[in-house]
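Each chain, letter by letter, is given below.
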Amino acid sequence: MKPTLFLLAAGMGSRYGGLKQLDGLGPNGETIMDYSIYDAIQAGFGKIVWVIRKDFEEQFRNQILAKYEGHVPCELCFQALDALPEGFSVPEGRQKPWGTNHAVLMGKDIIKEPFCVINCDDFYNRDAFMVIGKFLAELPEGAKNQYAMVGFRVGNTLSENGTVARGICSKDSEDHLTTVVERTEIVRCAEDGSNMGNAAEEIRYKDENGQWVAVDEKTPVSMNMWGFTPDYFEHSEAYFKEFLSDPKNMENLKAEFFIPLMVNKLINEKTASVKVLDTTSKWFGVTYAADREGTVERIQKLIDEGVYPNKLF
């Protein structure tokens with residue numbers, strides 16, 4: 001069974017200032033996700049599913065889905081603040097979405113095969129899709145609790161224009177993930193915190209106590225490129241109820257149900273294993289508006305080198 005590509009596209013991209021998922025960066029208005037989908041098709045993926053917000057469905061269908069007709073089967077699902085298990089309601093004043101693993105949960109009724117989850121605004125490159133596509137395609141039929149994550153080296157995933165959020169990972173001698181901790185502020189900087197983007201300086205992240213911690217260039221990080229089987233939805237439904245039952249998560253109007261939170265629980269309890277698939281690929285994307293020009297230039301360079309056709313679809 002061919003794996004499915006599941007794209008997380010429900011966010012507005014607050015730091016970027018608009019619907020960055022729909023921003024045309026290629027020579028014919030191609031988005032970053034267009035390149036991801038092209039690479040996924042080359043890697044043998046058989047279906048594309050997006051999770052979006054209902055309020056931009058029409059724009060999404062007209063601008064995105066229409067171009068894939070005849071190329072690959074496509075489906076949509078929707079993330080909403082009130083998409084909660086029975087017995088739970090949205091806390092008064094809550095406006096922030098529930099996070100990436102809540103978005104993944106929205107696909108439970110339409111994804112019945114092994115699937116890869118990615119962000120829409122990150123350029124992963126074809127090798128990453130080949131690696132995770134091969135892993136998913138080779139799983140035995142009916143496999144459960146055997147997951148994977150493409151691990152990028154943190155030094156290859158930074159923006160010159162500000163901090164980035166990454167899942168800092170640890171793995172064992174067999175390349176199985178042991179921990180992943182979401183760090184929402186990672187940056188390359190000098191000892192005094194200046195000179196962001198200077199390659200001679202060190203990489204740091206801000207920990208839960210507000211302290212800056214140095215990290216090695218090659219430390220594996222999650223770029224939210226995960227491989228799961230459909231049983232992952234069952235685990236997520238059960239744990240989301242636990243998450244919502246915790247008073248501190250309901251009182252904190254910005255608490256989020258992240259994928260790493262779910263994955264950590266599963267590996268700590270030895271319910272599932274997660275293979276870390278190494279890549280030396282360099283990430284690029286549009287975390288900030290100032291990233292846009294460099295991303296356009298990098299895409300054009302790949303087209304000039306013959307990696308992509310001038311027009312994808």
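Our subject is the structure that appears above.
Keep in mind the model is a prediction, meaning the values are calculated, not measured.

**Student:** How would you sum up the overall build of the protein? Please name residues and give values.
**Tutor:** Along its length, the protein carries eight helices and 13 strands. Taking 2.2 N^0.38 as the reference for a compact globule, 313 residues should give roughly 20 Å; the C-alpha atoms of the protein span a radius of gyration of 19 Å, in line with that estimate. Considered along the principal axes of its C-alpha atoms, the protein spans approximately 55 × 55 × 45 Å. The buried share of the protein, taken over its 313 residues, is 52%.

**Student:** Tell me about the packing of helix α5 (residues 231-245) against helix α7 (residues 259-268), and please be specific about residues and values.
**Tutor:** The angle between the axes and the distance between the axes are what describe a pair of packed helices. Across the interface, α5 lies against α7 with an axial gap of 11 Å and an inter-helix angle of 105°. Between α5 and α7, the angle falls in the class roughly perpendicular. Seen from α5, the contacting residues are Y232, H235, S236, Y239, E242 and F243; seen from α7, they are I259, L261, M262, V263, K265 and L266.

**Student:** Hey, could you go over the pairing of strand β8 (residues 177-189) for me, with residue numbers and the actual values?
**Tutor:** Pairing of strand β7 (residues 164-171) with β8 involves seven bridges; the strand directions are antiparallel. If you follow R166 over to β8, its bridge partner there is R183. Connecting β7 to the antiparallel partner β8 that follows it, the hairpin turn spans five residues, and D175 within it adopts a positive phi of roughly 65°. Pairing of β8 with strand β9 (residues 202-206) involves four bridges; the strand directions are antiparallel. For I186, the partnering residue across the bridge sits in β9 and is Y205.

**Student:** Go over unusual backbone geometry, please, and point to the residues and values.
**Tutor:** Even without a glycine there, the phi angle at N125 is positive, about 85°. The residue N125 is located in the loop between β5 (122-123) and α4 (126-137) in this model. One non-glycine residue, K270, lies in positive phi territory at about 60°. Topologically, K270 is positioned in the loop between α7 and β12 (273-278).

Cut-off values and rules
- Residues numbered from 1 in each chain as written.
- Predicted model: local features only at pLDDT ≥ 70, side-chain atom pairs only at ≥ 80, totals over all residues.
- Heavy atoms only, no water.
- Helix = DSSP H or I, 4+ residues; strand = E, 2+ residues; numbered from the N terminus.
- Rg over C-alpha atoms; globule rule 2.2 N^0.38 Å.
- Buried < 20%, exposed > 50% of the residue type's maximum accessible area, 1.4 Å probe, protein only.
- Axes fitted to C-alpha atoms, helices over the stretch in contact; angles between N-to-C directions.
- Parallel < 35°, antiparallel > 145°, perpendicular 65-115°, else oblique.
- Contact = heavy atoms within 4.5 Å.
- Pairing = 2+ DSSP bridges.

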